[in-house]
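# Close look at the chain arrangement
Below, each chain spelled out in residue letters.
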Amino acid sequence: MILVFLLIFLGVGSVVYNQYLVNKILEQERASVELWTRAIEFNSQLVSEQTTDKLLSAIEQLQQIEEVPDSIITLIEEAEAARSSTDFVTEEIILEDRFPIPTIVVDSSDVIIASRNVDSLRLESEQRRSDLVEEFKSLNQPIDFVIGDENRQIRQFVYYGESPTVQMLRYFPYIQIVLLGLLLGIGYTTYRSIMRSEQSNLWVGMAKEAAHQLGTPISSLYGWLQLLKDEYRYEETATNIANEIEKDIQRLRGVAERFGKIGSEPELREMNIGPILDQVMSYMERRLPRLGKAIEVRKDLQAEAKVKANPELLQWAIENLVKNAMDSLKGTEKEVSFISITSKVQDGEVVIDIEDSGCGIDIKNVKNIFRPGFSTKKRGWGLGLSLTKRIIEEYHKGHVFVLRSELEEGTTMRVSLKIEE
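Only a predicted model underlies this, so the values are computations on that prediction, with no experimental measurement involved.

Contact geometry of helix H9 (residues 311-328) with helix H10 (residues 384-395) gives a least axis separation of 9 Å together with a crossing angle of 140°. As the angle between them shows, H9 and H10 are arranged oblique. At the point where H9 passes H10, the crossing takes the left-handed sense. Along its contact with H9, which presents Leu-313, Leu-314, Trp-316, Ala-317, Asn-320, Leu-321 and Asn-324, the element H10 presents Gly-384, Leu-385, Leu-387, Thr-388, Ile-391, Ile-392 and Tyr-395.

Formed by 43 residues in total, the largest nonpolar core has its most connected members in Ile-273, Ile-318, Val-350, Ile-352, Ile-369 and Val-415. For this core, the elements supplying multiple residues, two or more each, are helix H8 (273-286), strand S7 (306-309), H9, strand S8 (336-346), strand S9 (349-356), H10, strand S10 (399-406) and strand S11 (410-418). The contact partners of Ile-273, leaving out residues within four places of it in the chain, are Ala-303, Ala-305, Val-307, Leu-314, Val-350, Ile-352 and Leu-417.

The next thing to look at is the pairing of S9. The element S9 is largely enclosed, with a buried count of six among its eight residues. Bridge count between S9 and S11: eight bridges; the pairing is antiparallel. Looking at S11, one finds that Glu-355 is bridged to Thr-412.

Another point: the packing of aromatic side chains. Counted according to the given criterion, the structure contains one aromatic pair. Taking NZ or CZ as reference, Arg-298 lies 3.9 Å from the ring centre of Phe-338, over its face. The ring of Phe-370 is capped by Lys-389, whose NZ or CZ atom sits 5.1 Å from the centre of that ring.

What follows deals with the pattern of salt bridges. Inspection of the entire model under this criterion finds 16 salt bridges. Of the charged contacts in the structure, one is a salt bridge between Glu-124 and Arg-128, with a shortest N-O distance of 3.5 Å. Given the relative accessible area of 55%, Glu-124 is considered exposed. Of the charged contacts in the structure, one is a salt bridge between Glu-393 and Lys-389, with a shortest N-O distance of 3.0 Å. In this pair, Glu-393 and Lys-389 are both assigned in helix H10, four residues apart and thus about one turn of the helix distant.

Calculation rules
Residues numbered from 1 in each chain as written. Predicted model: local features only at pLDDT ≥ 70, side-chain atom pairs only at ≥ 80, totals over all residues. Heavy atoms only, no water. Axes fitted to C-alpha atoms, helices over the stretch in contact; angles between N-to-C directions. Helix = DSSP H or I, 4+ residues; strand = E, 2+ residues; numbered from the N terminus. Parallel < 35°, antiparallel > 145°, perpendicular 65-115°, else oblique. Left-handed = near helix turned anticlockwise from the far one by under 90°. Contact = heavy atoms within 4.5 Å. Core = buried A, V, L, I, M, F, W, Y, C linked by side-chain atoms within 4.5 Å. Buried < 20%, exposed > 50% of the residue type's maximum accessible area, 1.4 Å probe, protein only. Pairing = 2+ DSSP bridges. Phe/Tyr/Trp six-rings, centres within 6.5 Å; stacked < 30°, edge-to-face > 60°. Lys NZ or Arg CZ within 6 Å of the ring centre and 35° of its normal. Salt bridge = Lys/Arg side-chain N within 4 Å of Asp/Glu carboxyl O.

In structure tokens:
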């Protein structure tokens, strides 16, 4: 929030100060155009030409009179020469390299009489000249001046545009806003990346610690199980119970190994997807809670294709999806419920759909269900689907998403994995 506030403050402050500079430059440009206009007006006065003619005539007459000293004639010549300095002021001081403003002089009928710093292409046709006059009219108020003597006066107008400096300054805020927006985007992306990294490290640390803590009791259970087998090896019932316990201990060890692999680069190898899915469903079906009502398990595993996978992690991901489907059945009052898993080959991928007839997902929660820590269960930690997404997308380069969900109707989750040629 502090970064956003500073960037907004910088952007607004820059725009305001840029406009202040533009206004100051426009004031100076108008002063320059007015100075140039007055110079034109002064140089165009007929009285100036009449004075020059009279001075030259006086010099000729004085040169014919011998009694007139040469110093007086020289003084008059210098005075007449000084009058040409007005042209020097106009051309060399006002205009030369100090007047980049596009300017036109028009008469009372808006006909262009003269122009300066205007592209010749804009004066080629009558329509272009008219468009130029209208453009300059919309930019600045004209400066009018009068030429001629008392008997005959002609009013003309000076229209002008904006110098290249002003034009560049007007575009500068937009460039700066784009750069600030880019900076804000980079900052936001970096922040999100840091947050995701922190969350990922948190879950990885918890998973590895859980695997470490499970290791000791699992090893101890193996020892006690062996003692039980030795003690009751001749009793069939006890032996069968011990074998089932051993299967669950092996399963528990597999779970611990799964947690231990989180955060490490898994070993992937090519394998058929069918046996993996069948093994998951067989295990989950034996432990499916009855919930006091019938639950139908549907399987349609048509896909016979090889994918590059880690069997333990991929089984874990599918189990999480199936277990979530089982949990969603608890929130329904339907007499008959079902869980369905289907697999098929589609567009070079193995597509796995896990469907249930459970309570469904609220549409506002669909985008959050894979977020670490998000859970709608009272005792949920929000880790299952987050780990599933990590396993499928980061480790197996696949995709997992909600294909369909309606409240009180059920949910379909889809997993897609690339087929190995």
